[in-house]
Amino acid sequence: MVEITNRSNSGELKYTDANYEMAGDFRQDPSTNNVITLNLSVNKINDGFMGNVNGYMENGELKFNMNQIPLAEMASIVTAIANCINEIKEGTV
């Protein structure tokens, strides 16, 4: 007997806005469209690699680890990540 305890959709993505290009993968809960994992490599357009971002669901909340992200870029990268997540949820990625 098979008991499915968790089901998700997954995919690879490339997100681009005016300042950043991000590429990586994600998993999404098919019943809510919520992103449950997100792994991105972040590049600033014309400036190159800015770091990596890892998001994961814990206790119903999406939490993030950021590696090598410069402090001066952190706020704008967080905004880009939020926009990316919204586009994933809307199915536009």
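Residues numbered from 1 in each chain as written. Predicted model: local features only at pLDDT ≥ 70, side-chain atom pairs only at ≥ 80, totals over all residues. Heavy atoms only, no water.

Peer 1: So what's going on with the nonpolar core? Which residues, and what values?
Peer 2: Ranked by size, the top nonpolar core spans 18 residues in total, and within it Leu 13, Met 22, Leu 38 and Ile 81 carry the most contacts. Only β1 (9-16), β2 (20-28), β3 (35-44), β4 (48-58) and α1 (71-90) provide two or more residues apiece to this core. Ranked by the residues each element gives to this core, the list is headed by α1, at six residues. Ignoring sequence-local partners within four residues, the contact set of Ile 81 consists of Met 22, Leu 38, Leu 40, Val 53, Phe 64 and Met 66. (Core = buried A, V, L, I, M, F, W, Y, C linked by side-chain atoms within 4.5 Å. Buried < 20%, exposed > 50% of the residue type's maximum accessible area, 1.4 Å probe, protein only. Helix = DSSP H or I, 4+ residues; strand = E, 2+ residues; numbered from the N terminus. Contact = heavy atoms within 4.5 Å.)

Peer 1: Give a description of the pairing of β2 that names residues and reports values.
Peer 2: With eight bridges connecting them, β1 and β2 associate as antiparallel partners. Residue pairing across strands places Thr 16 opposite Glu 21, the latter belonging to β2. Where β1 folds back on β2, the antiparallel hairpin that results is connected by three residues. Pairing between β2 and β3: nine bridges, direction antiparallel. (Pairing = 2+ DSSP bridges.)

Peer 1: Help me get a handle on the environment of Asn 19, residues and values and all.
Peer 2: Within the secondary structure, Asn 19 is located in the loop between β1 and β2. Overall, Asn 19 belongs to the partly exposed group, its relative accessible area being 40%. Once you skip the residues sitting within four places of it in the chain, Asn 19 turns out to touch Asn 43, Lys 44 and Ile 45.

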